[in-house]
Amino acid sequence: MRSQDPALGIRGTDTPPDAPLVLVAKVKGAMVLGAVDADARALGLVPGLTLADARARIPDLIVAEMDAGADRHWLQRLARHCAGWTPLVTTVPPDGITLDIAGADHLFGGEAGLLTEAEETFAGLGMAVRLACAATAEAAQALARHAPLPIAPLSSADEREAIRALPVAVLGLEDEAEIALRRAGLKTIGDVAVRPAAAIAARFGMAAVTALRRLTGEEQAPIAPLVEPEPLHFERRFAEPVGHQAAVAGCFLDLLRMAAEALEARGLGGRRFVLTLFRSDGARHRLAIETGLPTRDPAPVMRLFDERIAALADPLDPGFGYDRITLFLPVTEPLAAAQPQLDGATQDSEALAELIDRLSTRLGPENLCRLAPRDSHIPEQAQLALPAIDARAPIRWPTPPPGQPPQRPLFLFDPPQPVEVIAEVPDGPPHRFRWRRKLHEVRLFEGPERIAAEWWRRKGGEAPGQGGLTRDYYRIEDARGRRYWLFRHGLYEEKADPRWYIHGLFA
Amino acid sequence: MRIMPTPCESPAPVLLRRASGIATLDAALGGGLAYGRLHEIYADDPAEAGAATGFALALATAMGDGARAALWLRARQAVRQGGICRADGWADLGGAPGGGLIGVVPDAIALLRAAADALRCGALGAVIVESWGKMRELDLTASRRLALAAEKSGVPLFVLRIAAEPVPSAAQTRWQVAAAPSAPLPARAPGWPTFDITLLRQRAGPCGLDWRVEWNRDRHIFQEAPLSGAVVPPVADRPLAQPGPGAGHPRDRHAA
């Protein structure tokens, strides 16, 4: 068994070539260097140093945040790329990849050829790589990390030599055990290997002995290769084109059942289902539905597809028939097997989710919404309508303080409707107003509630007079008892003749 | 002689009712508003849309509990003419807008279908259907179907019809709502939402009664509107002031 191992180094493209680059991460509240590049290492910086110390030594340092998630993702992508050489690839986080090239190296010119090709590929990707080949995966990783760099594969005698020269740190023991080994005078693997295994096991545990045996090649453990999950794609082809509605529906139900089995095997539920009907003359009809919660049950999915078909502008025309029908599930989510609760609460939430799915499919997702608060004083911008299929949980709205009548109207006009108002100048409330050609006497009023425009959103808004007009809102009740929300757009200082508008109606 | 015992009649299912908080109103309704039934709310004048919707939302809040969502279905015409509904205004009336769903439907048939589906769901606290203008599709048959669906699931349905005349329907109660002057707060500020409600029709119960009610959003109940502090309106055929010795001129009449 032969293995390889590259090491990763990440560098941005827009840094000047001579400034050293370091990546920092927050450890226990202090910024600590997580990774350094070659220039920084040459200047004496090592990972584990605090950022303050590093900056003190080298003032012009380029600092970037370490992104562990992005690193992991990149490592996975590289591993998938390596699958071009052999299907048995696994990652050794944080920066290692192991390939099992036992039966595959002859395709690339032997081990030497494969190593050269790997080095060229990674150099093309701009990655610095340390490669090594050995009989076991652990030995190869250890050689790649610690041995001085030979690229050519070693003969077995040289390999044994190299392994014996490795430091004891590669055994992966805890710090105290490692210090104990070094204090006992055992500094390399060769030293440890000549000691009797029973003594090592008694002092440091079986794990040390297993690691040692794997390094020297006496024991081999297979690697767990990365497996790409197959895409969820199901299809049916017909020898004769099928145009009959019942037959198409039956075929679709079969496809849904196959999908349900596959989903159950993986513990997933589908959220988006795409049905494609291939007509015999080449035309394709594509129908897609989306559910709010992941589901495996064919029945609600069939109902949603019925809604989708009913909502089509042109009815589906089979022409001479369909000769292929496929079902694809692009979006899935984990779904555990549900345990029915005795109180029926889960049934309620499922029934509500199904209702939301059905109405959203029929009316369009933007026509069934939940209202969410937005952080803005401007009344027409204070709420967001989120499609209910995305906003699954109820949203928290602040409760108004007790004892206070409604301060905000139930309906808001968009845009506000102009009214003619008789009011005292400059700051008085309206006495009378005319709206939709009817005159209303003001009996009760509360106000003004002054809402200024959001000057920080305007270009040049910080200059006085450029921020936008302030509104003075009044809660008005007329003689008949109807309650309105009026505002004057602009103060008398800001605008010569401010207009009045009605913005909303109260209950 | 019978060998098989006669199966005993299962007792008639108890109709859940929600008391409104006003004794005379509850007495007229036979205990309160019934769950699982259709209730219609009419406002003949478009200017009363705010009051009628407020009343419907108040009823839905009183009858729903906080855990279940309310679904408010609006015809597209309602959005255009009535305005956009505001969640903070809804919260100010005591509702829970965060769990509520607002649906905008293109026409009357879609409105009825959506309402029927929603009633069959059974996981909602209340369903409010809002329509403006005369809608021919909302006739007796349609309302009977909706009433059956509501009965089966126990979800109350409120049909809010603005700028429409009452038509025959399978409603349990039919109300006409108008805005009423509220009791002013100190400094002449408008007070709690107050409505003039008339019970136009009730199935198997008294009708033709009216009340002036005030909605208390903190306790989720209605209250009789207190008499406003205005003066007793003058009666036409009696002078306000009693003639006395050295009779003065009659006092000015106060505007009602």
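Residues numbered from 1 in each chain as written. Chains lettered and ligands numbered in written order. Predicted model: local features only at pLDDT ≥ 70, side-chain atom pairs only at ≥ 80, totals over all residues. Heavy atoms only, no water.

### Topic: the sheet that holds strand β8 (residues 284–295) of chain A
Whether parallel or antiparallel, the strands of a sheet pair through hydrogen bonds between backbone atoms.
Residue and element names in this part refer to chain A.
No. 1: Read from one edge of the open sheet, four strands run β6-β9-β7-β8, paired in antiparallel fashion. With partners counted over all chains shown, the strands left at the sheet margins are β6 (233–242) and β8, one partner each. Across this sheet, the average inter-strand angle for adjacent strands is 15 degrees, counted without regard to direction.
No. 2: Where strand β7 (residues 268–279) and β8 come together, eight bridges link them in antiparallel fashion. (Pairing = 2+ DSSP bridges. Helix = DSSP H or I, 4+ residues; strand = E, 2+ residues; numbered from the N terminus. Axes fitted to C-alpha atoms, helices over the stretch in contact; angles between N-to-C directions.)

### Looking at the interface of chain B and chain A
Accessible area lost upon the coming together of the parts is a frequently used measure of interface size.
No. 1: In this complex, chain B contributes 64 residues to the contact, which on the side of chain A involves 54 residues.
No. 2: Counting the surface lost from both chain B and chain A, the interface buries some 4800 Å², and carbon and sulfur atoms represent 59% of this.
No. 3: Across the chain B-chain A interface, the total number found is four salt bridges.
No. 4: With its nearest N and O atoms 2.3 Å apart, the salt bridge here joins R362 of chain A to D117 of chain B.
No. 5: Along the contact surface separating chain B from chain A lie 24 residue pairs in polar contact (both at pLDDT 80 or more).
No. 6: Class assignment for the residues of the side of chain B that touches chain A results in 35 nonpolar, 15 polar and 14 charged. (Contact = heavy atoms within 4.5 Å. Buried area = accessible area lost by both parts, 1.4 Å probe. Salt bridge = Lys/Arg side-chain N within 4 Å of Asp/Glu carboxyl O. Polar contact = N/O pair within 3.5 Å; in protein donor to acceptor, adjacent residues only side chain to side chain. Nonpolar A, V, L, I, M, F, W, Y, C, P; charged D, E, K, R; others polar.)

### Focus on the environment of W175 of chain B
Residues and elements named next belong to chain B.
No. 1: One can find W175 in strand β9 (residues 173–179).
No. 2: Separated by 25 residues in the primary sequence, W175 and L200 place their C-alpha atoms 5.5 Å from one another.
No. 3: A polar atom in the side chain of W175 sits 3.2 Å from the side chain of T173.

### Section: unusual backbone geometry
No. 1: Going from D414 of chain A to P415 of chain A, the amide bond is cis rather than trans, its omega being 5 degrees.
No. 2: Within the fold, P415 of chain A resides in strand β12 (residues 411–423).
No. 3: Here the bond from G447 of chain A into P448 of chain A is cis, since omega is -5 degrees, no more than 30 degrees from zero.
No. 4: Among the secondary structure elements, P448 of chain A is positioned in strand β14 (residues 438–451).
No. 5: Backbone geometry places A163 of chain B, a non-glycine residue, at a positive phi of 60 degrees.
No. 6: Looking at the secondary structure, you find A163 of chain B in the loop between β8 (157–162) and β9.
No. 7: Overall, A163 of chain B belongs to the partly exposed group, its relative accessible area being 29%.
No. 8: Non-glycine residue A187 of chain B carries a positive phi angle of around 70 degrees.
No. 9: Among the structural elements, A187 of chain B can be located in the loop between β9 and β10 (194–202). (Buried < 20%, exposed > 50% of the residue type's maximum accessible area, 1.4 Å probe, protein only.)

### Topic: the sheet that holds β8 of chain B
No. 1: Across the sheet, 11 strands lie side by side as β11(A)-β10(A)-β6(B)-β4(B)-β7(B)-β8(B)-β3(B)-β9(B)-β10(B)-β11(B)-β12(B); this open sheet has mixed pairing. With one partner strand each, in any of the chains shown, β11 (383–387) of chain A together with β12 (221–224) of chain B form the two edges of the open sheet. The average undirected angle you get between the axes of adjacent strands in this sheet is 30 degrees.
No. 2: Strand direction decides the pairing type here: strand β3 (residues 38–43) of chain B and β8 of chain B, joined by six bridges, are parallel. Looking across to β8 of chain B, one finds that E40 of chain B is bridged to V159 of chain B.

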